[in-house]
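The chain contents come next:
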Amino acid sequence: MNKGIEYWSEHLAAIAAEGIETKAYARRESLSVSALYYWRKRIKAQTHGPVRPAAPVNCISSAFMPVQVKSAMANVVPCSVVLAPGVRLELSQLPTPEWLAALGVALNRQVR
């Protein structure tokens, strides 16, 4: 069976979401550790290469767009952050830019 980017992206997203070591996840799911590392490297190269798609699919992007909030009440709106395919973080209010930056750094460490 030919397993592609979507299949491996879902496994890599699960590893990041669970905070589990790649080797432990591979053992639990009966997957090849080397295949997980290969696909992580391949997907990262595709998403961080010289040509980036306008809307990346099945990858984690650490690029953020600056947003200006006009009033203090605007901070009290629900917010969703899509971390990876099938992984969505629901927040009761808009997070600070510093928090989002820290999240991006943490996710970037997990993907490596």
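Not measured: the values here are computed from a predicted model.

1. Describing the overall build of the protein chain
So, step 1. Along its length, the protein chain carries 4 helices and 2 strands.
So, step 2. The order of α-helices and β-strands along the protein chain, N terminus first, is α-α-α-β-β-α.
So, step 3. Each of the 112 residues in the protein chain was classed as buried or not, and the buried ones make up 26%.
So, step 4. Across the protein chain, every contact between residues at least 6 apart in sequence was considered, and the portion connecting residues at least 24 apart equals 39%.
So, step 5. Of the roughly 8,000 Å² that the protein chain leaves accessible, carbon and sulfur atoms contribute 58%.

2. Section: the pattern of salt bridges
So, step 1. Applying the stated criterion across every chain yields a total of 3 salt bridges.
So, step 2. The salt bridge involving Arg-28 is made with Glu-18; its shortest N-O contact spans 2.9 Å. Within this pair, whereas Arg-28 is found in helix H2 (residues 22-29), its partner Glu-18 is found in helix H1 (residues 5-18), the two being separated by 10 residues in sequence.
So, step 3. Here Arg-88 and Glu-90 are joined by a salt bridge, their closest N and O atoms 2.8 Å apart.

3. Comments concerning the environment of Val-87
So, step 1. Tracing the sequence through the fold places Val-87 in strand S2 (residues 87-91).
So, step 2. Leaving out residues up to four positions away in the same chain, Val-87 has contacts with Ala-13, Ala-17, Val-81 and Val-82.

4. Section: the confidence of the model for the protein chain
So, step 1. A residue-level look at the protein chain finds 71% of positions with pLDDT of 70 or above and a mean pLDDT of 75.
So, step 2. When mean pLDDT is compared element by element in the protein chain, H2 scores highest at 93, while helix H4 (residues 97-111) scores lowest at 77.

5. Some points on the packing of H1 against H2
So, step 1. Axis separation between H1 and H2 bottoms out at 10 Å; the angle between their running directions is 120°. With respect to H2, the element H1 is oriented oblique. The handedness of the crossing between H1 and H2 comes out as right-handed. Of the residues in H2, those in contact with His-11, Ala-14, Ile-15 and Glu-18 of H1 are Thr-22, Tyr-25 and Arg-28.
So, step 2. Taken together, the residues of the contact of H1 with H2 break down into 3 nonpolar, 2 polar and 2 charged.

6. Points about the pairing of strand S1 (residues 79-84)
For a regular strand, the rule is simple: side chains alternate between the two faces of the sheet.
So, step 1. By the bridge criterion, 5 bridges tie S1 to S2 in an arrangement that is antiparallel. Residue pairing across strands places Ser-80 opposite Glu-90, the latter belonging to S2.
So, step 2. The hairpin formed by S1 and S2 contains 2 residues between the paired strands, and Gly-86 there has a positive phi angle of roughly 80°.

Quick notes on the rules
Residues numbered from 1 in each chain as written. Predicted model: local features only at pLDDT ≥ 70, side-chain atom pairs only at ≥ 80, totals over all residues. Heavy atoms only, no water. Helix = DSSP H or I, 4+ residues; strand = E, 2+ residues; numbered from the N terminus. Buried < 20%, exposed > 50% of the residue type's maximum accessible area, 1.4 Å probe, protein only. Contact = heavy atoms within 4.5 Å. Areas by Shrake-Rupley, 256 points an atom, 1.4 Å probe, with all protein chains shown as cover. Salt bridge = Lys/Arg side-chain N within 4 Å of Asp/Glu carboxyl O. pLDDT = per-residue confidence, 0-100. Axes fitted to C-alpha atoms, helices over the stretch in contact; angles between N-to-C directions. Parallel < 35°, antiparallel > 145°, perpendicular 65-115°, else oblique. Left-handed = near helix turned anticlockwise from the far one by under 90°. Nonpolar A, V, L, I, M, F, W, Y, C, P; charged D, E, K, R; others polar. Pairing = 2+ DSSP bridges.

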